[in-house]
Amino acid sequence: MAESGGGNDIQWCFSQVKGAVDDDVAEADIISTVEFNHSGELLATGDKGGRVVIFQQEQENKIQSHSRGEYNVYSTFQSHEPEFDYLKSLEIEEKINKIRWLPQKNAAQFLLSTNDKTIKLWKISERDKRPEGYNLKEEDGRYRDPTTVTTLRVPVFRPMDLMVEASPRRIFANAHTYHINSISINSDYETYLSADDLRINLWHLEITDRSFNIVDIKPANMEELTEVITAAEFHPNSCNTFVYSSSKGTIRLCDMRASALCDRHSKLFEEPEDPSNRSFFSEIISSISDVKFSHSGRYMMTRDYLSVKIWDLNMENRPVETYQVHEYLRSKLCSLYENDCIFDKFECCWNGSDSVVMTGSYNNFFRMFDRNTKRDITLEASRENNKPRTVLKPRKVCASGKRKKDEISVDSLDFNKKILHTAWHPKENIIAVATTNNLYIFQDKVN
Amino acid sequence: MEVQKEAQRIMTLSVWKMYHSRMQRGGLRLHRSLQLSLVMRSARELYLSAKVEALEPEVSLPPALPSDPRLHPPREAESTAETATPDGEHPSPEPMDTQEAPTAEETSAYCGPRPAKVSRKRRSSSLSDGGDAGLVPSKKARLEEKEEEEGASSEVADCLQPPPAQAEGAFPNLARVLQRRFSGLLNCSPAAPPTAPPACEAKPACRPADSMLNVLVRAVVAF
């Protein structure tokens, strides 16, 4: 077939879908972030209602080896609640903007979740046994009358139904005037950064009452503001290096060893604008919505409204690869401005080997680009293909002219169905794709 | 002219989006406001340059007139200055106190014969001589004049919804001003006959549209 899947001829199959079936989407259920943990065993989602839902992969069943383990709900908890800033008379949304997992150090799992203003460190732990046989307490917890105690016994642990508990261990608050858009854990596993529109702060995971401001682009006179920070990430291997992207389409790489306040970048990545593409909305579609380092640390990927760009950290003047996600929208920018779609912030992700990148689009389409074969594929997250192990059919959008069979025309695209958040398992070909309120899990076909 | 109308429509739309974004949960989004102000600035440039082209036989153009919506840096800083204020840290208690002269100067840079308002002082009395009708930030006078200009904007009424009746938030004055302004613009009242048909824009007496432009810009400035 001419259009084989991106990524070494992978065939992607439907695996699972999570979430309500109705078309009537409750706003609180809108998924706002998706993240695999470092082993890929756990998959966390955050939603607009401030909830975090964690799915756990079942252990592989060796007998039925035609599919990998399914993801089932492991824990659900309310991470953030709506708050009110009395000084500014503003409501603070409880929507979870980002979740980032910490690497596992002991039996418990830790993750950071953030809304617009506050970051929280959550501990997720399992309890599958409980102590029984206390001397001073009854089984239901009531205290016994000490005078009735005639013998002593040693309490023992007895098995119980598995209980997964989530508890907030740290709350990092009051450090951001503007809305937090990113958090990123350092490779030292002790510190992390949080970024809002104008500032980036460095935290220590153990210390909540203090953070260091490492980037501040707020002008002395706010009337001179021309750009904001849109995303930030630590380098996966160098604990002194991080990048942040801007609304002007630039990425700055900073080295924390250079100075305490990293206002002067070490590297500035910027591609000169193509004059033939200049249009009325050029400025706003060049805004970068996501930046992600490759696992190797050699490359980084940025997502702007119409494209995905791969940058070599050693080359600042242009990206090494550019992939058009939905170029057919370039002529529709005015309509997309009217319906606010032009402001959508798409994310992007790498596969485990950094050979394929993925990002979302409209009409519940998502795209994958194979960096080696230069092939790309468009797939759809839809309940119509929801028989397990159904191979997804590649989709194609017809930009203009005669529409071939099975193609969909640009005007028929549903711009309310957008895939902003996707995640790729760190080791396997399993992907999680979030539509408005559903989470789809796809796997490659295992023979 | 198509370009002018389109630019005007986009400007109106942008101001409406800005107003609407302040009502949303979570408060003003700095990034969104910045993007809206960028579009508004480009639209304004496009509108002004389209208007200059329309008036070309009458005025001498400055040599560096851009043909596409690109800005000279000083004006860029100014425009951003005018539009990118919202961060909640220094709210202007009086929305009317914002700069007005730069706008007038820009307009006069393009249209020579038009009277330029250089004084930045606010006139408390209403200066309703026709020439300065749209240029002087007089609260009362401006609001009254606005009612007369409803008819000139019939073309922008279609795609926009009427603003909510109740203003909320930290700047109720501004919200009310915007609301009253744009209810005039957006809901073309059938009772008021249009003061001039849209086709008149090509003629020198396109003052109503021009005033509206300045009103729109001033609304952004106040914002």
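Residues numbered from 1 in each chain as written. Chains lettered and ligands numbered in written order. Predicted model: local features only at pLDDT ≥ 70, side-chain atom pairs only at ≥ 80, totals over all residues. Heavy atoms only, no water.

Observations concerning the overall build of chain B
Quick note on the threshold: Numbering of helices and strands runs from the N terminus, with a helix taken as a DSSP run of H or I at least four residues long and a strand as a DSSP run of E at least two residues long. Under the scheme applied here, a residue whose accessible area is under 20% of the maximum for its type counts as buried, over 50% as exposed, and between as partly exposed, the area being computed with a 1.4 Å probe on protein chains only. Contact criterion: two residues are considered in contact whenever any of their non-hydrogen atoms come within 4.5 Å of each other. We get accessible surface area from the Shrake-Rupley algorithm with a probe of 1.4 Å; when it comes to residues, only the shown protein chains can shield them.
Looking only at helices and strands, chain B has seven helices and zero strands in total. The order of helices and strands in chain B, counted from the N terminus, is α-α-α-α-α-α-α. Relative to its 223 residues, chain B shows a buried fraction of 53%. At a minimum sequence separation of 6, the contacts of chain B that also span at least 24 residues come to 77%. When the accessible area of chain B is evaluated, it comes to approximately 9,900 Å², of which 56% is carbon and sulfur surface.

Thoughts on the nonpolar core
The line we're drawing: Each nonpolar core is a collection of buried residues, namely Ala, Val, Leu, Ile, Met, Phe, Trp, Tyr and Cys, held together in the definition by side-chain atoms within 4.5 Å.
Judged by nonpolar contacts, the single largest core of 37 residues is most densely connected at F281, Y305, L329, Y337 and I342 of chain A. Those elements that provide at least two residues to this core are α1 (282-285) and α2 (333-338) of chain A together with α1 (2-21) and α2 (30-54) of chain B. With eight residues, the single largest contributor to this core is α2 of chain B. Discounting residues that sit within four places of it in the chain, F281 of chain A has contacts with L333, C334, Y337 and I342 of chain A together with I10 and V39 of chain B. Grouped together as the second largest cluster of nonpolar side chains are 19 residues, I10, V356, M368 and F442 of chain A included.

Quick notes on the environment of D406 of chain A
All names here are of chain A. Take D406: it is sitting in the loop between β28 (396-398) and β29 (407-409). Along the chain, D406 and P394 lie 12 residues apart, while their C-alpha atoms are 9.7 Å from each other. Not counting the four nearest positions on each side in its chain, D406 is found in contact with K393 and K396.

Looking at the interface of chain B and chain A
In plain terms, the rule: A 1.4 Å probe defines the accessible area here, and the buried area is the portion of it lost by two parts on being joined, summed over both. By definition, a salt bridge exists where a carboxyl oxygen of Asp or Glu is found within 4 Å of a side-chain nitrogen of Lys or Arg. Only Asp, Glu, Lys and Arg are considered charged, only Ala, Val, Leu, Ile, Met, Phe, Trp, Tyr, Cys and Pro nonpolar, and every remaining residue, Gly among them, polar.
Counting from both sides, the interface comprises 35 residues of chain B and, opposite them, 32 residues of chain A. Interface area for chain B against chain A, summed over the two sides, is near 3,300 Å², with a carbon-plus-sulfur share of 55%. At the surface where chain B touches chain A, the tally comes to seven salt bridges. Measuring nitrogen to oxygen at the nearest pair gives 2.8 Å for the salt bridge that ties R25 of chain B to E94 of chain A. Looking at the side of chain B that touches chain A, the elements with two or more residues in it are α1, α2 and α3 (73-83) of chain B. The dominant element in the side of chain B that touches chain A, judged by the number of residues it contributes, is α2 of chain B, at 12 residues. Broken down by class, the residue content of the side of chain B that touches chain A amounts to 14 nonpolar, 10 polar and 11 charged.

Focus: the pattern of salt bridges
For the structure on display, the rule yields 36 salt bridges over all chains. A salt bridge links E165 of chain A to R127 of chain A, with the shortest nitrogen-to-oxygen separation between them at 3.2 Å. You can see E165 of chain A sitting in strand β11 (residues 156-172) and its partner R127 of chain A sitting in strand β10 (residues 119-132), a full 38 residues away along the chain. We classify E165 of chain A as partly exposed; its relative accessible area is 27%. Ionic pairing is found between R9 of chain B and E338 of chain A, a salt bridge with its closest N-O pair at 2.8 Å. With R9 of chain B in helix α1 and E338 of chain A in helix α2, this pair bridges two chains. Its relative accessible area of 16% is what places R9 of chain B among the buried residues. The exposure class assigned to E338 of chain A is partly exposed, which follows from its relative accessible area of 31%.

Comments concerning the sheet that holds strand β20 (residues 290-293) of chain A
Residues and elements named next belong to chain A. Convention followed: The pairing criterion for strands is at least two bridges between them, as found by DSSP. For helices, the axis comes from a line fit to the C-alpha atoms of the stretch in contact; other axes are also lines fit to C-alpha atoms, and the angle between any two N-to-C directions lies between 0 and 180 degrees.
The strand order β20-β21-β22-β23 describes an open sheet built from four strands, whose pairing is antiparallel. At either margin of the open sheet sits one strand with a lone partner, and together these are β20 and β23 (321-324). Each strand of the sheet is rotated relative to its neighbour by a mean of 15 degrees, with strand direction disregarded.

A short note on the side chain of S246 of chain A
All names here are of chain A. So the rule is basically this: Side-chain atoms alone can form a polar contact between residues adjacent in sequence; in general such a contact is a pair of N or O atoms within 3.5 Å, and within protein one must be able to donate a hydrogen while the other accepts it.
Position of S246 among the secondary structure elements: in strand β17 (residues 241-246). Taking the relative accessible area as the measure of exposure, S246 reaches 2% and is therefore buried. Of note is the side chain of S246, whose polar atom sits 2.8 Å from the side chain of E227. Dropping the residues within four chain positions of it, S246 is found in contact with E227, V228, T230, R252, S287 and I288.

Things to note about the confidence of the model for chain B
All names here are of chain B. To be explicit about the condition: Every residue is assigned a pLDDT by the predictor, reflecting its confidence on a scale from 0 to 100.
Looking at chain B, pLDDT values average 54 and 25% of them are 70 or higher. Predicted confidence is poor over residues 61-178, with pLDDT under 50, and the contacts of this stretch with residues over four places away or in other chains come to 207 contacts. Confidence drops under pLDDT 50 across residues 180-213; counting only partners more than four residues distant or on other chains, this segment forms 63 contacts. Model confidence for the complex: the whole-complex pTM is 0.75, and ipTM, which rates the interface, is 0.89.

Description of the pairing of strand β12 (residues 182-185) of chain A
Residue and element names in this part refer to chain A. Of the two faces of β12, the one lined by S182 and S184 and the one lined by I183 and I185 are each fully buried. As judged from the four bridges shared by β12 and strand β13 (residues 191-195), these two strands associate in the antiparallel manner. Each residue of the ladder has a partner; that of I183, found in β13, is S194. Following β12, the chain reverses through five residues before pairing antiparallel with β13; Y189 in that reversal takes a positive phi of roughly 60 degrees.

Quick notes on α2 of chain B
Which entries qualify depends on this criterion: An expected span of 1.5 Å times one less than the residue number is assigned to each helix.
Spanning 25 residues, α2 of chain B covers 36 Å between terminal C-alpha atoms, matching the ideal 36 Å at 1.5 Å per step. Of all 25 residues in α2 of chain B, 22 are buried, a share of seventy percent or more.

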